[in-house]
Amino acid sequence: MRKIIHVDMDAFYASVEQRDRPELRGRPVVVGGDPAGRGVVAAASYEARRFGIHSAMPAARAARACPDVVFLRPRFDVYRAISRQIHAVFRRYTDCIEPLSLDEAYLDVTDSPACRGSATLMAREIKAAIREETGLIASAGVSYNKFLAKLASDVDKPDGLYLIDPAAAPGFIESLPVGDFHGVGPATERRMKARGIHTGGDLRGHELHDLVEWFGKAGRYYHQIARGIDERPVRSRRERKSLGHETTYPNDLLERETVEAALAPLAERVARDLAARELAARTVTLKVKYADFTQITRRRTFTRSLWTADELLGALPGLLDDTEAGRRPIRLLGVTCSGLEPSRVVRAAELDLGWPSRC
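What you see is a predicted model, and the numbers here were worked out from it, not measured in a lab.

**Side note on the confidence of the model for the protein chain**
Detail in the predicted coordinates should be disregarded across regions flagged by low pLDDT.
Part 1 of the argument: Scored by pLDDT, the protein chain comes out at a mean of 90, with 94% of its residues at no less than 70.
Part 2 of the argument: With pLDDT under 50 throughout, residues 344-359 is counted as low confidence; its partners more than four residues away or in other chains account for 22 contacts.

**Some details on the sheet that holds strand E10 (residues 279-290)**
Part 1 of the argument: With respect to topology, four strands assemble into an open sheet ordered E9-E12-E10-E11, the strand pairing being antiparallel. The two strands at the open ends of the sheet, each matched to only one other strand, are strand E9 (242-253) and strand E11 (295-306). Along the sheet, successive strands turn relative to each other by an average axial angle of 15°, direction set aside.
Part 2 of the argument: As paired elements, E9 and strand E12 (residues 330-342) share eight bridges and run antiparallel to each other. Bridge pairing links glutamate 246 to glycine 334 in E12.

**Section: the nonpolar core**
Part 1 of the argument: Core analysis: the largest hydrophobic core is formed by 34 residues, its most contacted members being Ile5, Val7, Phe12, Phe90, Leu107, Ile126 and Ile130.
Part 2 of the argument: Counting only elements with at least two residues in this core, the list comes to strand E1 (4-9), helix H1 (12-20), strand E2 (29-32), strand E4 (70-72), helix H4 (76-90), strand E6 (104-108), helix H5 (119-134) and strand E7 (138-143).
Part 3 of the argument: Looking at this core, the element that brings in the most residues is H5, giving six residues.
Part 4 of the argument: Aside from chain neighbours lying at most four places away, what touches isoleucine 126 is Ile5, Val7, Val89, Phe90, Tyr93 and Leu107.
Part 5 of the argument: One finds Ala271, Val288, Leu306 and Leu319 within the second-largest nonpolar core, a separate group that totals 32 residues.

**Some thoughts on the packing of aromatic side chains**
Part 1 of the argument: According to the stated counting rule, one finds 10 aromatic pairs in the structure shown.
Part 2 of the argument: Ring centres of phenylalanine 12 and tyrosine 13 lie 5.8 Å apart, and the angle between their planes is 50°; this geometry places the pair in the tilted category. Accessibility classification places phenylalanine 12 together with tyrosine 13 in one group, the buried group.
Part 3 of the argument: One aromatic cluster is present, built from ring pairs that chain together Phe12, Tyr13, Phe76 and Tyr79.
Part 4 of the argument: Over the aromatic face of tyrosine 46 sits the side chain of arginine 49, whose NZ or CZ is 4.4 Å from the ring centroid.
Part 5 of the argument: Above the plane of the ring of tyrosine 290 lies arginine 328, whose end atom (NZ or CZ) is 3.9 Å from the centre.

**Re the packing of helix H12 (residues 256-276) against helix H13 (residues 309-320)**
Part 1 of the argument: Viewed as axis vectors pointing N to C, H12 and H13 meet at an angle of 140°, and their least axial separation amounts to 9 Å. Put simply, H12 runs oblique to H13. The handedness of the crossing between H12 and H13 is right-handed. Contacts between H12 and H13 pair Arg256, Val259, Glu260, Leu263, Ala264, Ala267, Glu268, Val270, Ala271 and Leu274 from the former with Ala309, Leu312, Leu313, Leu316, Pro317 and Leu320 from the latter.
Part 2 of the argument: Of the residues contributing to the contact of H12 with H13, the split by class is 13 nonpolar, no polar and three charged.

**Thoughts on the sheet that holds E2**
Two orientations exist for strands paired in a sheet by backbone hydrogen bonds: parallel and antiparallel.
Part 1 of the argument: Read from one edge to the other, the open sheet built from three strands follows the order E3-E2-E4, with strand pairing classed as mixed. Where the open sheet ends on each side, the last strands, each with one partner, are strand E3 (41-44) and E4. Averaged over all adjacent pairs, the angle separating strand axes in this sheet is 30°, with direction ignored.
Part 2 of the argument: Summarising the sheet, E2 and E3 pair through three bridges and their orientation is antiparallel. Bridging from a neighbouring strand, valine 31 pairs with alanine 43 of E3.

Definitions and limits used
- Residues numbered from 1 in each chain as written.
- Predicted model: local features only at pLDDT ≥ 70, side-chain atom pairs only at ≥ 80, totals over all residues.
- Heavy atoms only, no water.
- pLDDT = per-residue confidence, 0-100.
- Contact = heavy atoms within 4.5 Å.
- Pairing = 2+ DSSP bridges.
- Helix = DSSP H or I, 4+ residues; strand = E, 2+ residues; numbered from the N terminus.
- Axes fitted to C-alpha atoms, helices over the stretch in contact; angles between N-to-C directions.
- Core = buried A, V, L, I, M, F, W, Y, C linked by side-chain atoms within 4.5 Å.
- Buried < 20%, exposed > 50% of the residue type's maximum accessible area, 1.4 Å probe, protein only.
- Phe/Tyr/Trp six-rings, centres within 6.5 Å; stacked < 30°, edge-to-face > 60°.
- Lys NZ or Arg CZ within 6 Å of the ring centre and 35° of its normal.
- Parallel < 35°, antiparallel > 145°, perpendicular 65-115°, else oblique.
- Left-handed = near helix turned anticlockwise from the far one by under 90°.
- Nonpolar A, V, L, I, M, F, W, Y, C, P; charged D, E, K, R; others polar.

Structural data, given as structure tokens:
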């Protein structure tokens, strides 16, 4: 039986700002984009959440929901530094740590001798150490797999600590609304409810072949988690599957030439990320969101990998041809690379085979 802890910092970005600016404590705070433009909420303090403000909400809507809310630009360098402090605490208990973001991680403490092997006591100590050393509050969930540990960390937020042991798991899952299952998004939730699936108990009542027929390959995952089964290991070195950047523009992009010019800095940012990680990419994806919020993606997989900004830029016009750029206003562009592999291996292969270093 594994022992998994899921640690999730409470309103991380907003809590950091309230910590560093005492005058903001107890006030609704949003970290994110400009409410006068097309910015979105990256994080909201619990005071702001009482007004229905949440992450990914348009900042302008958040301002309407709470006229007294304080908007702040994110300080990612500060958040990254604090995240390193938090991970230093984790490493006192285990080296098997899977970060999900700056403020969230799984820890496999199955073999840890700390706290006489009690994962719950370890979680309590981790929360206390984070609070003492950073002044911030974390919630933690403890269980025998990742799915349940993540659910447990949400139960008593903020400042929560909750254990779901094997005996309690079936009852916990049975009463849980399907919308609270991690991995079930709003669209899937609607599809489930249309079939009378409202809770984990309802989900568990359906056979595997039915769930696969209705939800594709994800149906197998839903069948397992409804029974408390999740065999995914905690991966201390997660393999990155993609790298990308996107930008929402303050004014719609109208001309094709303007769109092409806007893609250049995105390609450069992605190329810098590839270089920093010594990666190359086989697949390039272009994301376009029109002014009416309609969103499309166009992708192409190449016979050899790309890694420079020039190579990425060379791939994008062909993808852009398959959009309505220049005919419909565009509010957002994104460029993502996937099919990643070590660039040093690609470079060596191209040298050996005499390939040109271009797409």
